[in-house]
Number of protein chains: 4
Amino acid sequence: MKVYEIQSKPESGNLVLTERPQPQLAHGQVLLKMRSASLNYRDLQVLRRTYTAEQPFGIVPLSDGVGEIVALGEGVTKVKVGERVATLFMPEWQAGDLTREKANSALGGAANGILAEYVALPQDGVISVPPHLSDEEAATLPCAAVTAWHALMVGESLKAGETVLLQGTGGVSLFALQFAKMAGARIIITSSSDEKLDRARQLGAHEGINYIATPNWYKRVLELTDGRGVDHVVEVGGVGTLNHSMRAARYGGRITYIGVLTGNAGEVNVFSLIAKNIRLQGIYVGSRVMFEAMNSAIALHTLHPVVDRVFPFSEAHSAFAYMQSGQHFGKIVIRF
Amino acid sequence: MKVYEIQSKPESGNLVLTERPQPQLAHGQVLLKMRSASLNYRDLQVLRRTYTAEQPFGIVPLSDGVGEIVALGEGVTKVKVGERVATLFMPEWQAGDLTREKANSALGGAANGILAEYVALPQDGVISVPPHLSDEEAATLPCAAVTAWHALMVGESLKAGETVLLQGTGGVSLFALQFAKMAGARIIITSSSDEKLDRARQLGAHEGINYIATPNWYKRVLELTDGRGVDHVVEVGGVGTLNHSMRAARYGGRITYIGVLTGNAGEVNVFSLIAKNIRLQGIYVGSRVMFEAMNSAIALHTLHPVVDRVFPFSEAHSAFAYMQSGQHFGKIVIRF
Amino acid sequence: MKVYEIQSKPESGNLVLTERPQPQLAHGQVLLKMRSASLNYRDLQVLRRTYTAEQPFGIVPLSDGVGEIVALGEGVTKVKVGERVATLFMPEWQAGDLTREKANSALGGAANGILAEYVALPQDGVISVPPHLSDEEAATLPCAAVTAWHALMVGESLKAGETVLLQGTGGVSLFALQFAKMAGARIIITSSSDEKLDRARQLGAHEGINYIATPNWYKRVLELTDGRGVDHVVEVGGVGTLNHSMRAARYGGRITYIGVLTGNAGEVNVFSLIAKNIRLQGIYVGSRVMFEAMNSAIALHTLHPVVDRVFPFSEAHSAFAYMQSGQHFGKIVIRF
Amino acid sequence: MKVYEIQSKPESGNLVLTERPQPQLAHGQVLLKMRSASLNYRDLQVLRRTYTAEQPFGIVPLSDGVGEIVALGEGVTKVKVGERVATLFMPEWQAGDLTREKANSALGGAANGILAEYVALPQDGVISVPPHLSDEEAATLPCAAVTAWHALMVGESLKAGETVLLQGTGGVSLFALQFAKMAGARIIITSSSDEKLDRARQLGAHEGINYIATPNWYKRVLELTDGRGVDHVVEVGGVGTLNHSMRAARYGGRITYIGVLTGNAGEVNVFSLIAKNIRLQGIYVGSRVMFEAMNSAIALHTLHPVVDRVFPFSEAHSAFAYMQSGQHFGKIVIRF
């Protein structure tokens, strides 16, 4: 079968198309014939080897995809041949809190990912998806959508009438926009592009702030909230935007930290974290239980993820290059 | 000024119109010229003296109203003359958990209520209301709306995609319907009337069950949830419906108990409370902080409370009689 | 091997010693050579067939035991031969909330229990136990101790300086006493026996109330808390004591409901549930994650469970009869 | 009366003893004759004007003290002349979440503090203290003890058997040690002094790490927790220690951030916040409700705060100088 591998080939962005035998099924595993996959910013970092220090070469990239179950290993009882399922970002994270063991099962990082024609996964590592979604749409859920759901809708969740601040128009932020809309919240979103802000407003954002035109955007957030600050920030910018986010949050507010875009190391002033009793919660995707709850909401609202552009399997390099360009609004998808 | 009192006059439903001097303002109090009031089932129980054992005669009934501030006592700094404000059901419950002291401040129970032309209240016992609401609409908020908000939207709140079961079409249940809709939940509602179920569907309910036609309505709830049960029940029926509600709830589900309609004493089988790890949370209206959060949501969504019928101040008896008839769909209001 | 079965033999308490072949190991299972088991009140109900309506004959009783792993099925990676482990009450409940599927895995109810010389269980269905415990002590943990832990120490847990009310001196209540002591809480305990109250005080209870001498024991609880009521009640009595428990709880208090002793059906007045905003949380044992947290605490404090009496395997009938007599203080254990 | 003021006098550490008339009581205020006060690191920052940008000159320093009520203003109903009470750090923070208004009431910052012979405070701004405490001990509670309580015992609190990491032996850390001990947790503490570590062990710490001898102390923390990391860190060091603290925390762990010692601005790498789903909660002292809960625990356990040294009122300068020296173990107190 055809499969992409991460190799030490800077000239091809470290991404190499190659051949491997179709995977053998272990006890409890299912075989997926992949139909669609989607990219996350993390995947770009993995390719560039800037995600974590110890990334091995030779693994298959990407965590997010949807496929059809075409074979069952011994002992499989929960799914059937013919079902369409998505991957779990961490097949081991079924319920409860994150642990090291669960984190180590993340696809497309330390473990092999899913940019391959066939993928073997434990039956608990796949999940059915709402029927109204196309394969391309369903492929966007495992990382970005579950992350946004975890950030907003788990535990002390975003409530109707509360105000949430979203940053940019990447995958997590647009899912957060759609979920916040569902939950009846007021949405303020930032972007470097007025055109993207317009599109965000069409998706339901109440206010947009161009952070190029308004570099001290936290002041505008304070104005828009009568000086009070927002209830919740979904911080995707990273350390580079965290100082502004803390200024933009209300007393007792919450910041869910997803980070990555501007890096996670930098100068921070956390005085307002204390002075305003702010909670900063790191978010690393989520569990099957969260995914199931999200699926219920997506199905009830017949929500459609925002897919920016679909690339054929053979043009995976272009998909990564397009993500790197930062032009996208929503998710970038690969169709097998 | 004109004022209604609760007196031992069964022939007039214990409700007597009389005269009292306009109240004097103590330090920190404001004087409200009342514009509208609304009835809750509790008010009927207070009149009938079935609410609690130790109800005094001579007090003024009703907790819920809206008025204009016409005078300020010494030391008032937080509100101004001319502001339109609603009453807090418990003027002492500002924030945090309920205590005995806060509970004892409830209007129209142990303490005087607001069915009077002028009412003196502490400045912290009144709250501004969303401007898009009419006086009649705003008068419905203090007890029924705050109770529904507390039941669904505080702490472990109802989330988008979850299913909630509502009982009947009284004030609390219809506010719960509107808030659950805001929050993106799926709504199943029961009623004895198909016509009321139709109206509930128009307000956003997804499913209606006529509990006369379907006395074992919990079975229908289980069918509608693929055998799983609902995430949340807002139990307004009382002990008479609690057994069915526990059967209708999912494993790990929540029942917020508001009670009253069928009484609070009766035969209960709580085995499923254990077996399904269900949480049964008693709800007694709520705090100013909850009221403020609710107001933000009502304002953002320009939500309009469901007012069934408005009676003039002089016909307060008819308002109570109408509530007793059980014909209403939504709130019963008195206009001053 | 020797095994007890539940059969329709009222003359022998429905408990019959018989022979079965040693169990075959499926994928992922381990074989336990049992060393000790312990009884819970539920086991008596299962034998009497009063626990649930649909109990099958022919199953093996008891959920709680400790044994040594003597063989591994294929695919077992998490445990080794020679390890001493306890059973999980619900082998499927690893983490997160209870579900129907997890509940259906409970040992000694719908599924076979562990009163057998050898037992096959999934590797995730066994758990290591603190080394300082004897086999008899370790065998008491899976149901009673985890239930008490779940009731007091999970979620909104009992805090230092809070007051907890415990009922009687059965297994759950004594574990609750020991955990509440660990957590720095004040403990009020009830019993029908002054001698048992003395023993409870020796274990750390601050106050004891003889509910025979003081049938309205809730009044004494209120006195002991300056009229305020307790923060937390661990309700093991069932519906027969629930009314008093609600009276004994403070505004905003918590009652964790474990029930069983006086049955779960009866006349209840839940008015104070509303009036005091009380939370009544049904508790059905707990998950592996809870068991692990409890083990950490037991190990840190070198806590010893209270074992009342140990019966040999051949005298299981006597163990059940002793439980039925109600004379015990703490756990009843069977040694293999 | 005698009173200290903060003035622009660097030569006397900005602290000046002067005379003011005894305060007049407004409605609802009480007059305290001060008996003892205690210092917090914040007070040193306020004197040096490094706490916040906009500190006025002319205010009275210190937030924490205990005194006797010697006069009541009009309308005071909750306290009596002769009662011994402590100050609330923020007189306006009674219950619920922090707000800007509540924060602005903090004594000894923007508002006048209590280093004066007589102080007027609202009746809700004082709180009774456990009788077993000396005045010097009681004076240490309002800021440091409530902060430690808030950090460990509110919301998702520290549980028996969990491990907490404490930093240094200042006021907050030693209260945290005592509260963690009460709550049955395992305690790891750091210090620059082996002698202080010994004293911490005598107070109940299980492990001590000298961060001078072991600059990468997070590695030692990981060793002491079998590689798992601690459940909870009370971060008093500030940004300078935060990176190590995140490394020392377990997956799903909590860091309560109190900061200050090394400053709140600096280079941080928050990758592990995401990767381990860590919660970083800013803590700014706490509410009356928290103070009351803490008092219950202190009374039940007859806990004695660790008072390092007591200075007479006339030697307040020396008390500040002693704090600056960093030699103290526990609280520094001023006796009037």
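Residues numbered from 1 in each chain as written. Chains lettered and ligands numbered in written order. Predicted model: local features only at pLDDT ≥ 70, side-chain atom pairs only at ≥ 80, totals over all residues. Heavy atoms only, no water.

## What to know about the overall build of chain A
Alright, step 1. The helix and strand inventory of chain A stands at eleven helices and 16 strands.
Alright, step 2. Over its C-alpha atoms chain A spans a radius of gyration of 20 Å, differing by no more than 12% from the 20 Å that the globule rule assigns to 336 residues.
Alright, step 3. Projecting the C-alpha coordinates of chain A onto the three principal axes gives extents of approximately 60 × 45 × 35 Å.
Alright, step 4. Evaluated residue by residue, chain A yields a buried proportion of 62% over its 336 residues.
Alright, step 5. Within chain A, contacts between residues separated by at least 24 positions form 68% of all contacts whose residues are at least 6 apart in sequence.
Alright, step 6. Approximately 11,800 Å² of chain A is accessible, and the part contributed by carbon and sulfur atoms is 49%.
Alright, step 7. Here chain A holds 31 positive side-chain charges and 31 negative ones, and the gap between their average locations is 3 Å. (Helix = DSSP H or I, 4+ residues; strand = E, 2+ residues; numbered from the N terminus. Rg over C-alpha atoms; globule rule 2.2 N^0.38 Å. Buried < 20%, exposed > 50% of the residue type's maximum accessible area, 1.4 Å probe, protein only. Contact = heavy atoms within 4.5 Å. Areas by Shrake-Rupley, 256 points an atom, 1.4 Å probe, with all protein chains shown as cover. Lys, Arg positive; Asp, Glu negative; His and termini not counted. Charge placed at Lys NZ, Arg CZ, Asp CG, Glu CD.)

## So, the interface of chain D and chain A
Alright, step 1. Contact residues are listed per partner, giving 36 residues for chain D and 36 residues for chain A.
Alright, step 2. Interface area, chain D with chain A, both sides summed: about 3,100 Å², of which 54% is carbon and sulfur.
Alright, step 3. On the chain D side of the interface with chain A, the three residues burying the most area are D:Y251, D:I274 and D:N277, jointly 22% of the side's total.
Alright, step 4. Put simply, chain D and chain A have zero salt bridges between them.
Alright, step 5. At the boundary of chain D with chain A, the tally comes to 13 residue pairs in polar contact (both at pLDDT 80 or more). (Buried area = accessible area lost by both parts, 1.4 Å probe. Salt bridge = Lys/Arg side-chain N within 4 Å of Asp/Glu carboxyl O. Polar contact = N/O pair within 3.5 Å; in protein donor to acceptor, adjacent residues only side chain to side chain.)

## Quick word on the interface of chain C and chain B
Alright, step 1. Facing 36 residues of chain C, the contacting portion of chain B comprises 36 residues.
Alright, step 2. Regarding the contact of chain C and chain B, the summed buried area is about 3,100 Å², with carbon and sulfur atoms giving 54% of it.
Alright, step 3. On the chain C side of the contact with chain B, C:Y251, C:I274 and C:N277 bury the most area, a combined 21% of that side's loss.
Alright, step 4. Applying the counting criterion to the chain C and chain B interface returns 13 residue pairs in polar contact (both at pLDDT 80 or more).
Alright, step 5. Looking at the side of chain C that touches chain B, the elements with two or more residues in it are α2 (100-103), β12 (249-257), β13 (265-269), α9 (271-275) and β14 (279-282) of chain C.
Alright, step 6. A class-by-class count of the residues in the side of chain C that touches chain B yields 19 nonpolar, twelve polar and five charged.
Alright, step 7. Two strands pair when backbone bridges link them, and strand β14 (residues 279-282) of chain B and β14(C) are joined in this way by three bridges, in the antiparallel orientation. By the bridge assignment for β14(C), B:Q281 is matched with C:R279. (Nonpolar A, V, L, I, M, F, W, Y, C, P; charged D, E, K, R; others polar. Pairing = 2+ DSSP bridges.)

## Brief notes about the packing of aromatic side chains
Alright, step 1. Applying the stated criterion across every chain yields a total of 24 aromatic pairs over all chains.
Alright, step 2. Grouping aromatic residues by their ring pairs yields a cluster made of A:Y4, A:F313 and A:F336.
Alright, step 3. Positioned over the ring face of C:F329 is C:R199, at 4.1 Å from the centre of the ring.
Alright, step 4. The cationic tip of C:R247 hangs over the ring face of C:Y218; the distance from NZ or CZ to the ring centre is 5.1 Å. (Phe/Tyr/Trp six-rings, centres within 6.5 Å; stacked < 30°, edge-to-face > 60°. Lys NZ or Arg CZ within 6 Å of the ring centre and 35° of its normal.)

## Things to note about unusual backbone geometry
Alright, step 1. Even without glycine at this site, A:N277 takes up a positive phi of about 55°.
Alright, step 2. With respect to the helices and strands, A:N277 occurs in the loop between α9 (271-275) and β14 (279-282).
Alright, step 3. Positive phi, close to 65°, is recorded for B:N14, a residue that is not glycine.
Alright, step 4. Note on placement: B:N14 falls in the loop between β1 (2-6) and β2 (15-19).

## Things to note about the environment of C:G109
Residue and element names in this part refer to chain C.
Alright, step 1. Summarising the element assignment, G109 is placed in the loop between α2 and β6 (118-122).
Alright, step 2. You can call G109 buried: its relative accessible area is 5%.
Alright, step 3. In sequence terms G109 and P91 are 18 residues apart; their C-alpha atoms lie 13 Å from each other.
Alright, step 4. When neighbours within four sequence positions are excluded, G109 is seen to be in contact with R42, P56 and I59.

## Focus: helix α5 (residues 171-182) of chain C
Residues and elements named next belong to chain C.
Alright, step 1. Over its twelve residues, α5 runs 17 Å from end to end, which matches the ideal 16 Å to within 8%, given 1.5 Å per residue.
Alright, step 2. Here α5 lies mainly inside the structure; eleven of its twelve residues are buried.
Alright, step 3. Of all the positions in α5, only G171, V172, S173, L174, F175, A176, L177, Q178, F179, A180 and M182 are classed as buried.
Alright, step 4. Once α5 finishes, G184 follows within two positions and takes phi at roughly 80°, a positive value. (Expected span 1.5 Å × (residues − 1).)

## Details of the relation of the copies chain C and chain B
Alright, step 1. When chain C is fitted onto chain B, the two copies agree to an RMSD of 0.0 Å after a turn of 180° and an axial shift of 0.0 Å. The superposition operator between the copies reduces to a two-fold rotation axis. Relative to the rotation axis, the closest C-alpha in chain C is found at C:E267, a distance of 2.1 Å.
Alright, step 2. A high fraction, 100%, of the interface residues of chain C reappear at the interface in chain B, so the copies pair face to face through one surface. (Least-squares fit on C-alpha atoms with pLDDT ≥ 70 in both.)

## Quick look at the relation of the copies chain D and chain A
Alright, step 1. The transformation that overlays chain D on chain A combines an axial shift of 0.0 Å with a rotation of 180°, and the residual RMSD is 0.0 Å.
Alright, step 2. Here 100% of the interface residues in chain D have copies in chain A that are interface residues too; the copies meet face to matching face.

## Digging into the packing of helix α7 (residues 217-224) of chain B against helix α8 (residues 239-248) of chain B
Residue and element names in this part refer to chain B.
Alright, step 1. Between α7 and α8, whose axes approach to 9 Å, the crossing angle comes to 20°. For the element pair α7 / α8, the angle class is roughly parallel. The handedness of the crossing between α7 and α8 comes out as right-handed. The residues of α8 that touch α7, namely those facing W217, Y218, V221 and L222, are T241, H244, S245, R247 and A248. (Axes fitted to C-alpha atoms, helices over the stretch in contact; angles between N-to-C directions. Parallel < 35°, antiparallel > 145°, perpendicular 65-115°, else oblique. Left-handed = near helix turned anticlockwise from the far one by under 90°.)

## Quick notes on the sheet that holds strand β8 (residues 163-167) of chain A
Within a sheet, adjacent strands bond to each other through the backbone by hydrogen bonds, running parallel or antiparallel.
Alright, step 1. Read across the sheet, twelve strands follow the order β10(A)-β9(A)-β8(A)-β11(A)-β12(A)-β14(A)-β14(D)-β12(D)-β11(D)-β8(D)-β9(D)-β10(D) without closing on themselves; strand pairing throughout is mixed. Whereas interior strands pair on both sides, the edge strands pair on one side only; in this sheet they are β10 (207-210) of chain A together with β10 (207-210) of chain D. When strand polarity is set aside, the average angle formed by the axes of neighbouring strands in this sheet is 15°.
Alright, step 2. Where β8(A) meets strand β11 (residues 230-235) of chain A, three bridges bridge the pair, whose relative direction is parallel. Note on β11(A): the bridge partner recorded for A:V164 is A:H232.
Alright, step 3. Packed on one face of the sheet, helix α4 (residues 141-153) of chain A meets β8, β11 and β12 (249-257) of chain A and runs near 155° to β11(A).

## Remarks on helix α7 (residues 217-224) of chain C
Residues and elements named next belong to chain C.
Alright, step 1. Three or more residues of α7 are buried, namely W217, Y218, V221 and L224. End-on, the buried residues of α7 take up no more than an arc of 115°, which puts them together on one face.
Alright, step 2. Elements that come into contact with the buried residues of α7 comprise β8 (163-167), β9 (186-191), β10 (207-210), β11 (230-235) and α8 (239-248).
Alright, step 3. Looking one or two residues beyond α7, the residue adopting positive phi is D226, at roughly 55°. (Arc of directions from axis to C-beta.)

## Quick notes on the side chain of D:T163
All names here are of chain D.
Alright, step 1. Here T163 shows up in strand β8 (residues 163-167).
Alright, step 2. Residue T163 is classed as buried on the basis of its relative accessible area, which comes to 8%.
Alright, step 3. Leaving out residues up to four positions away in the same chain, T163 has contacts with R186, I188, T225, V230, D231 and H232.

## Description of the environment of A:A86
All names here are of chain A.
Alright, step 1. Mapped onto the elements of the fold, A86 is located in strand β5 (residues 84-87).
Alright, step 2. Sequence-wise, A86 and D231 are 145 residues apart; in three dimensions their C-alpha atoms are separated by 32 Å.
Alright, step 3. Leave out the neighbours within four places in its chain, and A86 touches G65, V66, G125, V126, I127, V129, A138, P142 and F291.

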